[in-house]
Amino acid sequence: MTLTGLLLTFTNLGDPWVNRSYDYLFRFGTRPATNAVVQILMDNESYDYFGQERGQIWDRALHAQLLSKLAADNAKLVVIDSFFRVPRDPEKDALLAEAIRKHGRVVLMAEQAEIVHPEFIAARPTLPADIFLEAASNRWGVAWLDPDLDRIVRRHWPFPSPGPYPGLAWRAAELSGATFDRSVRERWLRYYSKDASWTRLSYRLALLDQAPGFFRDKVVFIGTQPATSVADGERDEFETPFTRWTAESSGGVEIIITAYLNLVNNEWLERAPWWMEALLVTAAGILSGGFLCRMRPMGALVTGTAGGIAVALGGVAWGHHQSTWVAWLVISGAQVPCALVWALLMPAFRRVRETITVAGSAGAEPTRALRESGSGDEGAPETPDYELVPKPFGEGAYGKVWLAKNAIGEWQALKVVYLSRFHNNPDPFEREFNGISRYKPVSDKHPGLLRVDFVSRKRERWFYYVMELADALEPGWEANPDRYRPRDLSSERRRAGGRLPPLECVRIGLQLTDALRFLHSQGLIHRDIKPSNILFVKGRPKLGDVGLISEIRPPDRERTFVGTPGYMPPSPERPGTVQADIYSLGMVLYVMATGRDAGLFPEIATTLIDSKEAADYLPLNSVILKACDPDRSRRYATADEMHAALLEAGRRLEESPGIAGG
């Protein structure tokens, strides 16, 4: 356990644990910042009002007017996170330069340019045009952020700071008169709640509507707000620790304000010294490995869970109240769980060893002895009349799936369901067997259902059933069956570049709603509709992974939470109803049509909004929104209703000029 902790703390292998240790410092609260700071946003409303276009230079005459207003209000300092690289319109440039000069305390943004050389890597600052630089009395700072590989910005730039030339936040802190430690240090950002730490104001409101005197003695930052809050790679858009739980990005100027407040308040973070972290993980490794592994499983589970929570709370509290942070998740999220797994598996290992010993002494075949003794073996069972490919090609929550060749040489899929996957609880194991037994007689009655050809007898610890085989992703797999991979809706999405055309989504939706209404008419529900469970057989999409199919129950009787997060209706609604199936299918259409993850519903990617497909998406979007309405009373009551709505959406799409022209 100690070696595991040291490897994760001091090598790249542990980046996920180390980075999350930092990120979750801000999950449960942030320090307040009471400095008089105003952020003026070039936001969507201001772009529209002033007739500006994203990606184009903002009208410098507007900047001149705003600076004149800030000068009249006697703003303490103005920091402009907008690069005036070259002169444009001489008249407007002169107005802006004069406004900068008149204010007298303006800091301009510079950029960084890489120097390419075969013997070294270097960079130099790219400064604003001379007319603006002279007007600002050579006050400039480089606006640069350096995200980690997971795209989250965690460190001050440069790192360590200060560097060979000033960053924009550093220069602003100096000019605002702040006193802080200017020695070279590895500074990490201490994030604040932006809504509570500084005033945010639309550019239009700041220029036209704000009362005189509002900006007096305030430090004003001017910068761009991304077009959307969705982290989709837009220019000057960055992810922060908050993105992990809000899925929202931030503009670069917000992170520069954060760095500025860190400096003026002397409250940036630094990572704990290496020797301190080494001592912590060594002690944790000794305690968890030597203590938990000697306890009984239940005692180890309770003690380990409590210890992991205590370490997490302690690590977060330390980072909140102190100026250093430690990689606490290495202990609570790696060392303690590893020790727990070892403590819980030790009794099972002993039972397996004893079973093998007994079986060997009796002269029995080891694998068969394991299977019959109930030790939890999950190998391939005996399957008369079916020849199995040795390696399973799929695995779900309750079992594994093999390629099987039947007695007449046809390829099929054979799924084995194990009692051990239900924690050796026979009740849900029995319900699983009964569900597939009820599904088999109707599986060949509709072309949109995956056909089940055979269900074995239920053994003590397993049973299996045989299904028709889905189309293969690659042709010619029969020569090497290990290459077989099923074609499902997830692979169709990847092959299409992330999302399917709206009309194709409607076509697939019509076939699936037709299959779903037949399934419901037989008194059965699917309970796990998602892209990977929609398989193509001879080019037709079918509802697959039929293991969770069950009888329809009234909502107040359903007690089992099964399905896939993101595709289940939100709490407190229980899964396992007709309308829960409708919600799942609606979410499948959302993922297929937008290319977004189900967890981001109902967000739409900027690339889709800006594409020529946007108008074509709207008829389908109305169906998705109703199918996935969190309020079940506003959702489609039946698959038949959703089918009719998709028919209407398809008709509108076919009449669309974009579709017709294509």
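Right above here is the structure, for reference.
Not measured: the values here are computed from a predicted model. (Residues numbered from 1 in each chain as written. Predicted model: local features only at pLDDT ≥ 70, side-chain atom pairs only at ≥ 80, totals over all residues. Heavy atoms only, no water.)

S.K.: Explain unusual backbone geometry to me, please; I cannot follow it from the model alone.
M.R.: Glycine aside, residues mostly have negative phi angles, and peptide bonds mostly take the trans form. For the bond from tryptophan 157 to proline 158, the omega torsion is -5 degrees, close enough to zero to count as cis. At histidine 423, a residue that is not glycine, the phi angle is positive and equals roughly 55 degrees. Mapped onto the secondary structure, histidine 423 falls in the loop between strand S15 (411-418) and helix H16 (426-439). Phi angles above zero are rare outside glycine, and lysine 538 is one such case at about 55 degrees. Mapped onto the secondary structure, lysine 538 falls in the loop between strand S19 (534-537) and strand S20 (540-543). (Helix = DSSP H or I, 4+ residues; strand = E, 2+ residues; numbered from the N terminus.)

S.K.: Hey, could you run me through the packing of aromatic side chains in this one?
M.R.: Scanning all chains against the criterion turns up 32 aromatic pairs. Taken together, a centroid distance of 5.9 Å and an interplanar angle of 85 degrees make the contact between phenylalanine 242 and tryptophan 245 edge-to-face. Judged by its relative accessible area of 24%, tryptophan 245 is partly exposed. The rings of Tyr22, Tyr24, Phe26, Phe159, Trp188, Tyr191, Phe242, Trp245 and Trp325 are connected pair by pair, giving a single aromatic cluster. One Lys or Arg, arginine 155, reaches over the ring of phenylalanine 159 and ends 5.2 Å from the middle of that ring. (Phe/Tyr/Trp six-rings, centres within 6.5 Å; stacked < 30°, edge-to-face > 60°. Buried < 20%, exposed > 50% of the residue type's maximum accessible area, 1.4 Å probe, protein only. Lys NZ or Arg CZ within 6 Å of the ring centre and 35° of its normal.)

S.K.: I keep staring at empty space enclosed by the protein and nothing clicks. Help me out?
M.R.: Unfilled space is identified by rolling a water-sized probe across the atoms. Under the definition given, this model contains six cavities of 30 Å³ or more. Empty space within the largest cavity amounts to approximately 160 Å³. Lining the largest cavity are 22 residues, with Trp144, Trp157, Gly167, Ala169 and Ala259 sitting closest to its centre. The set of elements that each furnish at least two residues to the lining of the largest cavity consists of helix H7 (168-175) and helix H11 (252-264). Ranked by residues supplied to the lining of the largest cavity, first place goes to H11 with four residues. Looking at the second largest cavity, its volume works out to about 70 Å³. In this structure, the second largest cavity is lined by Val389, Lys391, Pro392, Phe393, Leu403, Pro481, Asp482, Tyr484 and Arg485. Of the residues contributing to the lining of the second largest cavity, the split by class is six nonpolar, no polar and three charged. (1 Å grid on protein atoms, 1.4 Å probe; cavity = no way out; pocket = protein on both sides within 12 Å on 5 of 7 lines; lining within 4 Å. Points joined across faces, edges and corners; volume = space filled by probe spheres on them. Nonpolar A, V, L, I, M, F, W, Y, C, P; charged D, E, K, R; others polar.)

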